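As a plain string of letters, each chain reads:
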2 protein chains.
Amino acid sequence: MEEITFRPIGIVRSPFPDKFGVPRRSGLIKNLKAIIELAPEFSQPGIEKGLSGFSHLWVIFQFHKYAIKKTWSPTVRPPRLGGNKKMGVFASRSPQRPNFIGMSAVKIDGIVRKKDRVYIHISGIDMIDKTPVLDIKPYIADSDRLNNTKRGWIAKLPLKKPLLKVTFSSGVREFIKKNETNASEFIKLVREIVAQDPRPSYLRSHPRKGQKSEFTFSFGGYDIGFLVKEQSIACINRIISL
Amino acid sequence: MEEITFRPIGIVRSPFPDKFGVPRRSGLIKNLKAIIELAPEFSQPGIEKGLSGFSHLWVIFQFHKYAIKKTWSPTVRPPRLGGNKKMGVFASRSPQRPNFIGMSAVKIDGIVRKKDRVYIHISGIDMIDKTPVLDIKPYIADSDRLNNTKRGWIAKLPLKKPLLKVTFSSGVREFIKKNETNASEFIKLVREIVAQDPRPSYLRSHPRKGQKSEFTFSFGGYDIGFLVKEQSIACINRIISL
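All figures in this text were calculated on a predicted structure; none of them were measured in a lab.

## Comments concerning the side chain of A:Ser43
Residue and element names in this part refer to chain A. Residue placement: Ser 43 occurs in the loop between β3 (33-38) and β4 (56-62). Of the residues examined, Ser 43 reaches a relative accessible area of 3% and is grouped as buried. In this structure the side chain of Ser 43 is engaged in a polar contact, spanning 3.0 Å, whose partner is the backbone oxygen of Ala 39. Ser 43 has contacts with Leu 38, Arg 113, Asp 116, Arg 117 and Val 118, leaving out every residue within four places of it along the chain.

This is the structure in structure tokens:
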């Protein structure tokens, strides 16, 4: 079939510069904010008119960090199944898929027009920084909110899996208080991100003997390190400005 | 921004060869069926594994009949507002939009693998024949079914607008009975399609004096004509095999 070419309408400005640590779906961390910055050519007068009356937005985007590698496979090992069972890629929401298209429902916090550019403030995101946006559409319950849906292989899993309990080293806590104007909100977000257990599932279910379970993710201008002490306790023990 | 190129994963086989008559959103006519035919290169073994356990599917596609013309405008006149009020294109689900990307939630009726090709039977469609499909994803209520959403400018409108009452001329009825094996189901579908009032909104609200309100749409291998007798009664009075 013939190829189709798209021009991104803008990009996402997100506190996550990279994949590790990003919530596995939209809406998981309600207060995780980002901005969709529309490109000048898609910021024409009136293009956003009426959008602020909707509470939620669909963002159709490209998983660009995966698209660069160009690799996808007909089957995937969903983290929700512990990473050891295969499902068809079309039965999953895996980012590593044909065309690398993502689709997330997010909350609209506000729309700002500044210097002939449109900025859409959103929350509940699961996108990384510089994500190219292909389209945005209002969430319309009439067609999008379905009743009596069946959750396929996900149905076998609990709606909320047990989360990690997260503690902070006193050094990290002090650092955040010194550097962030809204420290308590920042601490809360870091806690929620790590509580989701961003570790790859093969390390989660089979930690190697003697291996230090240290991980680092980048968020809001920092590299943040955590240590998984037991199966269910994570300690934030390092933070470095990027 | 850099352009992004996609390879369609397949096409939709739909009873609508053209735009006129197609329901204005997915799920409006529950029994309207179509088939997503995956291209050979996207029909690898296992690619659909686990999909049949889900009840619903997101189809991300290209509004190709609009994409050919390449025209879109920053503002649109939504039919739901009578066609005389302007809204920003990003506050609408208009097909005539940047990148011409559509997104519909449909029901999965079944998945068939035949001669190394995958065919996904769906219903509740709003897509025309030969629609290029960019991606399919399972509908997952956890992230897709939102609560307490606000419907923006659509909130001013009733959830279901008054529908047309549809009658059939006896000639058309006889023709369908002779030519269709499941005539009653076919009649029911035609009735539901016309009941949605596919007329352009400017003709709906301001019928020209003396103008015959005759319209023709193509469906399931036929050209079907109807006549709007009064504001709310449509008579199916013509049918021709294509």
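## Description of the domain arrangement of chain A
Residue and element names in this part refer to chain A. Domain boundaries assigned for chain A yield domain 1 (10-144) and domain 2 (165-241). Of the residues lining the interface, 13 residues belong to domain 1; the matching set on domain 2 comes to 19 residues. Interface of domain 1 and domain 2: buried area, both sides summed, is about 1300 Å²; carbon and sulfur atoms make up 61% of it. In terms of surface lost to domain 2, no three residues of domain 1 exceed Phe 20, Arg 24 and Ile 29, which account for 42% of the buried area on that side. For the pair domain 1 and domain 2, the interface holds zero salt bridges. Seen at the junction of domain 1 and domain 2, the total is four residue pairs in polar contact (both at pLDDT 80 or more). Each residue belonging to the side of domain 1 that touches domain 2 can be placed in one class, and the counts come to eight nonpolar, four polar and one charged.

## With respect to the packing of helix α3 (residues 170-179) of chain B against helix α4 (residues 183-195) of chain B
Residues and elements named next belong to chain B. At a minimum axis distance of 8 Å, the contact between α3 and α4 shows a crossing angle of 135°. When the interaxial angle is binned, α3 and α4 end up oblique. Considering the relative orientation of α3 and α4, their crossing is right-handed. Along its contact with α3, which presents Arg 173, Ile 176 and Lys 177, the element α4 presents Ala 183, Phe 186, Ile 187 and Arg 191. When the residues that make up the contact of α3 with α4 are grouped by side-chain class, the tally is four nonpolar, no polar and three charged.

Rules used throughout
- Residues numbered from 1 in each chain as written.
- Chains lettered and ligands numbered in written order.
- Predicted model: local features only at pLDDT ≥ 70, side-chain atom pairs only at ≥ 80, totals over all residues.
- Heavy atoms only, no water.
- Helix = DSSP H or I, 4+ residues; strand = E, 2+ residues; numbered from the N terminus.
- Buried < 20%, exposed > 50% of the residue type's maximum accessible area, 1.4 Å probe, protein only.
- Polar contact = N/O pair within 3.5 Å; in protein donor to acceptor, adjacent residues only side chain to side chain.
- Contact = heavy atoms within 4.5 Å.
- Domains from an automatic or database assignment.
- Buried area = accessible area lost by both parts, 1.4 Å probe.
- Salt bridge = Lys/Arg side-chain N within 4 Å of Asp/Glu carboxyl O.
- Nonpolar A, V, L, I, M, F, W, Y, C, P; charged D, E, K, R; others polar.
- Axes fitted to C-alpha atoms, helices over the stretch in contact; angles between N-to-C directions.
- Parallel < 35°, antiparallel > 145°, perpendicular 65-115°, else oblique.
- Left-handed = near helix turned anticlockwise from the far one by under 90°.

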